[in-house]
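Listed here are the chains, written in short residue letters.
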Amino acid sequence: MVTTAKTVQLSHGGGGKEMDQLIKKVFFEAFDNPILTAEEDAAKLQLKGSVAFTTDSFTVSPLFFAGGDIGKLAIAGTVNDLAMMAAQPEYLSCSFIIEEGFAIDDLNTIVQSMATECHVSGARIVCGDTKVVPKGCADGVFINTTGVGHILSPNVSVNNIKPGDAIIVSRDVGCHGSTILMAREGLALESELTSDCATLWPIVEQLIAANMPIHAMRDATRGGLSAVLNEWAKASNVGIDVNESDIPVADEVKGLCELFGFEPYDLANEGTFIIAIPQAAAAGAIEIMQRYGHCENAAIIGQVTQAHEGKVVLTTPWGSQRYLDLPQGELLPRIC
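This is a predicted model, so every value here is computed, not measured.

Trainee: Please clarify how the overall build of the chain should be interpreted in this entry.
Mentor: Helix and strand counts for the chain stand at 9 helices and 13 strands. For 336 residues, the compact-globule estimate of 2.2 N^0.38 gives 20 Å, and the chain sits close to it at 21 Å. Dimensions of the chain along its principal axes, counting C-alpha atoms only, are 65 × 50 × 30 Å. Classification of the 336 residues of the chain by burial places 52% in the buried group. When the accessible area of the chain is evaluated, it comes to approximately 15000 Å², of which 48% is carbon and sulfur surface. Of the charged side chains in the chain, 21 are positive and 41 negative; the average position of the first set lies 5 Å away from that of the second.

In structure tokens form, the structure reads like this:
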């Protein structure tokens, strides 16, 4: 316990003794490393070669969900953005906006979850910030994380997608969005559905080590699979053909989509990524993903084509075709 208080007080953000205790007892103990605990105004980093740099903010509701929490999500989300650029995650910053009255036990749980997730990729939190706002000015806790990583394969880019490339998805889609939906609606279904929230760097590292000729990668977060494929088609001036029967979707996700009128391809994921890779290398990439990345459901779901530039065409199990468009509106706010 940081102090005799069981909840975060405004004084914990006031720059005095209480704030010092909160930072050292909660954050420093969990994220301990020499760069962070040097307590300088800025972290001193050793960078080499080309680096990737990304930032993201997390406001998920609820804070705790099946398969993760806002802390795990914050680390995995930022590390995954680096991984999709074939960048080895190295350094992270972390800023908290905490609502007055937030339980310190819950804060400790979130911070420990972040520390655990950092170990998956080897990334270190080297600087941060804490702000406390009056009750009613935030919803529990918001987290911002920024990441820096060393690029190992500089040719991974959306601009390198070419006609003939295979499109691979790493696992079944829509689990995170469906899990958050279940939690919010209080659905007590007989289901073991959990969020796919996970750090993707170990899988990507195996693909890079095997010299897979990856043209592009993207984690299918907000907007899901539909958003990624449409962004790729427009950015590279190509068409993308997708076979609906080849897209892995869990039965629980299908059921929720039927109940609420959603498409699983539009729902958010937090541990699922898409790859564009030459057809000749696709089978090898699938084998690596299934053997070393715990991606049992990894599948080739389509290919890049010169036809219908800027469009994604979905072929149904009955042989009919339709455009798979970008999702419209905010299907499910605050999913990350």
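Back to the text.
Trainee: Please clarify how the pattern of salt bridges should be interpreted in this entry.
Mentor: All told, the structure shown has 9 salt bridges when counted by the stated rule. Between Arg171 and Asp172 there is a salt bridge, with its nearest N and O atoms 3.2 Å apart. What you see here is one network of salt bridges that share partners, running through Asp20, Lys24 and Glu39.

Trainee: Help me out: how do you make sense of the pairing of strand S7 (residues 165-169) in this one?
Mentor: Walk down a regular strand and you will see the side chains alternate between the two sheet faces. With 5 of 5 residues buried, S7 lies mostly within the body of the structure. Side chains of S7 alternate between two faces, with Asp165, Ile167 and Val169 and Ala166 and Ile168 buried alike. Relative to strand S10 (residues 273-278), S7 is paired through 5 bridges, and the arrangement is antiparallel. Paired with Val169 across the bridge in S10 is Ile274. Sheet topology note: the S7/strand S11 (residues 299-305) ladder contains 4 bridges and is antiparallel.

Trainee: Can you walk me through helix H4 (residues 104-121) in this structure?
Mentor: Note that an α-helix has 3.6 residues per turn; residues three or four places apart therefore point the same way. The first and last C-alpha atoms of H4 sit 27 Å apart over 18 residues, in line with the 26 Å expected at 1.5 Å per residue. Regarding H4, the residues found buried are Ile104, Leu107, Ile110, Val111, Ser113, Met114, Ala115, Glu117, Cys118 and Ser121. Just downstream of H4, Gly122 is the residue with a positive phi angle, here 85°.

Trainee: Just to check I follow, could you spell out the packing of aromatic side chains for this structure?
Mentor: The geometry of an aromatic ring pair is captured by two quantities: the separation of the ring centres and the angle between the planes. Taken as a whole, this structure holds 3 aromatic pairs when the rule is applied. Its guanidinium or amino end placed over the ring of Tyr323, Lys311 lies 5.4 Å from that ring's centre, counting from NZ or CZ.

Trainee: It is not clear to me how the sheet that holds strand S6 (residues 141-151) should be interpreted in this structure. Could you clarify?
Mentor: Sheet strands pair via backbone hydrogen bonds, and the direction of the pair is either parallel or antiparallel. Pairing in this open sheet of 4 strands is mixed, and the strands run S1-S6-S4-S5 from one edge to the other. Edge positions in the sheet fall to strand S1 (51-58) and strand S5 (124-133), since each has one partner strand and no second. When the angles between neighbouring strand axes are averaged without regard to direction, this sheet yields 15°. In terms of strand pairing, S1 meets S6 through 8 bridges, oriented antiparallel. Bridge pairing in S6 links Ser57 to Asn144. Along the sheet, helix H3 (residues 70-83) makes contact with S1, strand S4 (87-99), S5 and S6, crossing S1 at roughly 150°.

Reading the values: the criteria
Residues numbered from 1 in each chain as written. Predicted model: local features only at pLDDT ≥ 70, side-chain atom pairs only at ≥ 80, totals over all residues. Heavy atoms only, no water. Helix = DSSP H or I, 4+ residues; strand = E, 2+ residues; numbered from the N terminus. Rg over C-alpha atoms; globule rule 2.2 N^0.38 Å. Buried < 20%, exposed > 50% of the residue type's maximum accessible area, 1.4 Å probe, protein only. Areas by Shrake-Rupley, 256 points an atom, 1.4 Å probe, with all protein chains shown as cover. Lys, Arg positive; Asp, Glu negative; His and termini not counted. Charge placed at Lys NZ, Arg CZ, Asp CG, Glu CD. Salt bridge = Lys/Arg side-chain N within 4 Å of Asp/Glu carboxyl O. Pairing = 2+ DSSP bridges. Expected span 1.5 Å × (residues − 1). Phe/Tyr/Trp six-rings, centres within 6.5 Å; stacked < 30°, edge-to-face > 60°. Lys NZ or Arg CZ within 6 Å of the ring centre and 35° of its normal. Axes fitted to C-alpha atoms, helices over the stretch in contact; angles between N-to-C directions. Contact = heavy atoms within 4.5 Å.

Any functional reading would require information beyond the geometric quantities listed.
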